[in-house]
Amino acid sequence: MKLQNDLLLRAAKGEHVERVPVWMMRQAGRILPEYREVRAKAGSFITLATTPALAAEVTIQPVDILKTDAAIIFSDILVVPEAMGLPYEMIEAKGPIFPKVVRSKKDIDLLKVSNPETDLGYVLEAIDIVKKELNGRVPLIGFAGAPFTIFCYMVEGKGSKTFSTAKKMLYSQPKLAHLLLQKITDSTISYLKAQASHGADLLQIFDSWAGILSPEQYRKFSLPYIAQICNAIDEVPVTVFAKGAFFARKDMAKLNCNVVGLDWNMDIKESRKMIPNKTLQGNLDPCVLYGSFKDIEKETKKMLKAFGTQRYIANLGHGVYPDTDPEKVKCFFETVKAYSA
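Residues numbered from 1 in each chain as written. Predicted model: local features only at pLDDT ≥ 70, side-chain atom pairs only at ≥ 80, totals over all residues. Heavy atoms only, no water.

(A) Layout of the overall build of the protein chain. A count of helices and strands for the protein chain gives 17 helices and nine strands. Against the 2.2 N^0.38 benchmark of 20 Å for 341 residues, the protein chain shows a C-alpha radius of gyration of 19 Å, consistent with a compact globule. If one aligns the C-alpha atoms of the protein chain with their principal axes, the spans along those axes are about 55 × 45 × 35 Å. Buried positions account for 57% of the 341 residues belonging to the protein chain. Considering only contacts in the protein chain between residues 6 or more positions apart, those separated by 24 or more positions represent 74%. (Helix = DSSP H or I, 4+ residues; strand = E, 2+ residues; numbered from the N terminus. Rg over C-alpha atoms; globule rule 2.2 N^0.38 Å. Buried < 20%, exposed > 50% of the residue type's maximum accessible area, 1.4 Å probe, protein only. Contact = heavy atoms within 4.5 Å.)

(B) Quick peek at the sheet that holds strand 8 (residues 279–284). Read from one edge of the open sheet, seven strands run 1-4-5-6-7-8-9, paired in parallel fashion. Bordering the open sheet on either side are strand 1 (71–72) and strand 9 (312–316), each of which pairs with just one other strand. (Pairing = 2+ DSSP bridges.)

(C) Structural context of helix 13 (residues 223–232). Listed in full, the buried residues belonging to helix 13 are Leu223, Tyr225, Ile226, Ile229 and Cys230. Buried residues of helix 13, seen end-on, are gathered within an arc of 165 degrees and therefore sit on one face of the element. Residues of helix 13 that are buried sit in contact with helix 9 (147–156), helix 11 (174–197), strand 5 (202–207), helix 12 (215–221), strand 6 (238–242) and helix 14 (249–252). (Arc of directions from axis to C-beta.)

(D) Molecular detail of unusual backbone geometry. A cis amide bond, omega -15 degrees, links glycine 282 with the succeeding residue asparagine 283. Counting through the fold element by element, asparagine 283 comes out in strand 8. In this structure, lysine 67 takes a positive phi of about 65 degrees despite not being glycine. Along the polypeptide, lysine 67 turns up in the loop between helix 4 (52–65) and strand 1. Positive phi is not limited to glycine here, since asparagine 135 has a value of about 55 degrees. Here asparagine 135 lies in the loop between helix 8 (121–134) and strand 4 (140–145). Classification of asparagine 135 as partly exposed rests on a relative accessible area of 48%.

(E) Inspection of empty space enclosed by the protein at higher detail. The final tally for this structure, using the stated rule, is one cavity of 30 Å³ or more. Each pocket or cavity is described by its volume, and for the largest cavity that value is around 40 Å³. The wall of the largest cavity is formed by Val240, Phe241, Ala242, Ala245, Arg249, Met252, Val260, Gly261, Leu262 and Met266. Here the lining of the largest cavity takes three residues from strand 6, the largest share from any one element. (1 Å grid on protein atoms, 1.4 Å probe; cavity = no way out; pocket = protein on both sides within 12 Å on 5 of 7 lines; lining within 4 Å. Points joined across faces, edges and corners; volume = space filled by probe spheres on them.)

(F) Looking closely at the packing of helix 4 against helix 8. The contact between helix 4 and helix 8 brings their axes to 8 Å, and the two run at 45 degrees. If you check the angle between helix 4 and helix 8, you find them oblique. At the point where helix 4 passes helix 8, the crossing takes the right-handed sense. Within the contact between the two elements, helix 4 uses Pro52, Ala53, Ala55, Ala56, Thr59, Ile60 and Val63 and helix 8 uses Tyr122, Glu125, Ala126, Ile129, Val130, Glu133 and Leu134. Residue composition of the contact of helix 4 with helix 8, grouped by class: eleven nonpolar, one polar and two charged. (Axes fitted to C-alpha atoms, helices over the stretch in contact; angles between N-to-C directions. Parallel < 35°, antiparallel > 145°, perpendicular 65-115°, else oblique. Left-handed = near helix turned anticlockwise from the far one by under 90°. Nonpolar A, V, L, I, M, F, W, Y, C, P; charged D, E, K, R; others polar.)

(G) Inspection of the pairing of strand 9 at higher detail. Across the five residues that make up strand 9, a large majority, five, are buried. Along strand 9, one buried face is formed by Tyr312, Ala314 and Leu316 and the opposite face, lined by Ile313 and Asn315, is buried too. In the sheet, strand 8 pairs with strand 9 via five bridges, with the strands oriented parallel. Across the sheet, the residue bridging to leucine 280 is tyrosine 312, located in strand 9. Between the parallel pair strand 8 and strand 9, the chain is carried across by helix 16 (residues 293–307), and the sense of this crossover is right-handed. (Right-handed = clockwise from strand over helix to strand, strands pointing away.)

(H) Molecular detail of the packing of aromatic side chains. For the structure on display, the rule yields 13 aromatic pairs. Summarising the aromatic geometry, the rings of tyrosine 35 and phenylalanine 74 are spaced 5.7 Å apart at their centres and angled 50 degrees between planes, so their arrangement reads as tilted. Within this pair, whereas tyrosine 35 is found in helix 2 (residues 33–42), its partner phenylalanine 74 is found in the loop between strand 1 and helix 5 (79–84), the two being separated by 39 residues in sequence. With a centroid separation of 5.7 Å and 80 degrees between ring planes, the pair formed by tyrosine 218 and phenylalanine 247 is classed as edge-to-face. Of this pair, tyrosine 218 sits in helix 12 while phenylalanine 247 sits in the loop between strand 6 and helix 14, and the two are 29 residues apart along the sequence. Take tyrosine 218: its relative accessible area is 0%, and that puts it in the buried class. (Phe/Tyr/Trp six-rings, centres within 6.5 Å; stacked < 30°, edge-to-face > 60°.)

So yeah, pure geometry; function would need other evidence.
Right under this line is the structure:
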């Protein structure tokens, strides 16, 4: 199906675009009252994410309401460990909890490399519905968590500021850590390939906890597995977003991916020099959207001027915060769309 708006894909491939494409991490979510209505109807986050028709509905909402240049499938990075045999619960105001965790080789042996068609069929069905209902209006982004980020949750068992229990394994049982990381990687590759085969036009890898590692540990326990994923996927463009990994930008330039996402702590001009051969994405501080409309417009234009209009995808430096005013979000989108260098 030919896309009516293919700005995102052309920008990702380094092709000329008439204007900068824009979308927002976590755009399908709590900022929209329409999302909260569907979430209430579902009864729980996990029910919403695992019910294809509802997941598809909230995926499309930002395209209709915010006029984004892409949809991103509504799901969660933690569906992968669940598909591998490690289920999780989403506790309101606390986040994800894993009743069982991985601490030994026996625990790893009990995990399987997931089959996306059977174990994650609900995500793929949601993609099918979204593709049909979008009818080529904008591209659809699929995603997965980077193996290290998934590893953190599987070993720690919950969210954490330090993930010290997970990091302990890297130092005390590195072979065990690599064994688990490889199993996660194998599951992630098949999952992302399945998303592409069902119609995802671009795939993003989220390394949300990259910044808790030292540069040496990141090059040992995260980058090689992200590289495996990038090398395995040749169906569609790939974006790598590693929050906090400012020290790994030169390494990111060597990855077999099309786009590198930047967080707001990564200097734009410095990043262009370090990553000259790829499209960049980002990197407005989500807190800018708490400012006045005038300030949002000013900061967005400043960002656009620094990035330039080519080989660039406008976004935030992380996900939009749930208490952000949707009108402020619209201001961000409209400013990007109206901008010309």
